[in-house]
Amino acid sequence: MKYKIKPEPYYEGLPPFNETGSPFNVSPIHYHPELVQDCCRLINSEWPRSNTARLRSLEASCDTLPVSLILTTDNFRRVIGHCKLSPIQSKRNACFVESVVIDVSCRGQGLGKLLMKCTEDYCRAVLGLEIVYLSTTDQEGFYERIGYQYCRPISMYGPRHCDLPTTEKSKKKYMKKIL
Ligand code: ACO
């Protein structure tokens, strides 16, 4: 992975906001190479896959798209959340959010909502995007709660790839948010 020097001005996510003084930040993973292994572990704890495949995906993170964002605490020492933003070939003003995960010990405290809020801010303010798309099989309630609306299926790779097998079609819900 080619790690970058932080550009100026650098989008560092949120300032500390909680009452115990422990700050949360959302940052691109490629500015925190020391956290890549922890990030792999976090994603694999939810969706087990080879470490090599995970590393490859995280190593593709760059200043445009794709980019993997991490939610950290303890002054950038602990990774407690992740999501990946990928380009959509047919929509230059949008991206596809995947692999949204909060550490199981931290769920139910508003951190998923925080990660998504910062992700949306990053999409708008840093990447200049206008729409965020995603698909989910069982977390639609979460995304409804944070303002996502159901939409027609969308493929990252172009219109021809939208024809999913029937079983997949019935389980996957596509949602979007206009930023
Ligand atoms: N159904 C309905 N409402 C929900 C759900 C749900 N499944 N999950 C959370 N909410 C609500 C909460 O009650 C809360 O409501 P409030 O604002 O009224 O208090 C609000 O949504 C925000 O919840 P958070 O506490 O921020 O959610 P959390 O930190 O637990 O993160 C997440 C949610 C990311 C889905 C987490 O549960 C997780 O990591 N799950 C496992 C991985 C997963 O399934 N990820 C989504 C894959 S889909 C994709 O990546 C596009």
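These lines cover the structure that appears in this document, whether it is placed above or below. (Residues numbered from 1 in each chain as written. Predicted model: local features only at pLDDT ≥ 70, side-chain atom pairs only at ≥ 80, totals over all residues. Heavy atoms only, no water.)

### Structural notes on the site of the ligand
Rules: It suffices for a single heavy atom of a residue to lie within 4 Å of a molecule or strand for the residue to be listed as near it. Each polar contact in these results corresponds to two N or O atoms within 3.5 Å; when the atoms are within protein, one needs to be able to donate a hydrogen and the other to accept it, and residues that are neighboring in sequence are counted only if both atoms are side-chain atoms. Accessible surface is estimated by sampling points in the Shrake-Rupley manner with a 1.4 Å probe; for residues, cover comes only from the protein chains shown.
Not every one of the 23 residues close to the ligand is listed here, only the nearest: Val100, Gly110, Gly112, Lys113 and Arg145. In the environment of the ligand, an oxygen atom lies 2.8 Å from a nitrogen or oxygen atom belonging to the backbone of lysine 113. With respect to the ligand, the side chain of arginine 145 contributes an N or O atom lying 2.8 Å from an oxygen atom. Across the complex, the protein chains shield 73% of the 1,000 Å² of accessible surface that the ligand would expose by itself.

### Some thoughts on the pattern of salt bridges
Test applied: The salt bridge criterion pairs a side-chain nitrogen of Lys or Arg with a carboxyl oxygen of Asp or Glu, the two atoms within 4 Å. Under the scheme used here, helices are H or I runs from DSSP no shorter than 4 residues and strands are E runs no shorter than 2 residues, and both carry numbers assigned from the N terminus. Think of it in three bands: with a 1.4 Å probe and only protein chains considered, a residue is buried below 20% of the maximum accessible area for its type, exposed above 50%, and partly exposed in between.
Tallied over the full model, the rule gives six salt bridges. With its nearest N and O atoms 2.7 Å apart, the salt bridge here joins arginine 107 to glutamate 46. Of this pair, arginine 107 sits in the loop between β4 (91-102) and α3 (111-126) while glutamate 46 sits in helix α1 (residues 36-46), placing them 61 residues apart in sequence. Among the residues examined, glutamate 46 registers a relative accessible area of 34% and is labelled partly exposed. Where lysine 177 meets glutamate 120, a salt bridge forms, and the shortest distance between an N and an O atom there is 3.1 Å. Separated by 57 residues along the polypeptide, lysine 177 in strand β7 (residues 173-178) and glutamate 120 in helix α3 bring together distant segments of the chain.

### Focus: the sheet that holds β4
To keep things clear, this is the line we draw: A pair of strands is considered paired only if DSSP assigns at least 2 bridges between the two. Only heavy atoms enter the contact rule, under which two residues are in contact if any of them lie within 4.5 Å. A fitted line through C-alpha atoms serves as each axis, taken over the contacting stretch for helices, and the angle formed by two N-to-C directions is quoted from 0 to 180°.
What the seven strands build is an open sheet, ordered β1-β2-β3-β4-β5-β7-β6; its pairing is mixed. Two strands in the sheet have a free side with no partner beyond their single neighbour: β1 (25-28) and β6 (149-150). Two elements, β4 and strand β5 (residues 131-136), share four bridges in a ladder whose sense is parallel. The partner of alanine 94 across the bridge, within β5, is isoleucine 131. The strands touched by α1 are β2 (67-73), β3 (78-88) and β4; relative to β3, the strand with the most contacts, the crossing angle is about 80 degrees.

### As for the pairing of β7
Here is the key point about a regular strand: its side chains alternate between the two faces of the sheet. Inspection of the sheet shows β5 paired to β7 by six bridges, in the antiparallel sense. Residue pairing in the sheet places serine 135 in a bridge with tyrosine 174 of β7. Bridge count between β6 and β7: two bridges; the pairing is antiparallel. Following the sheet pairing, glutamine 149 is matched in β7 by lysine 176.

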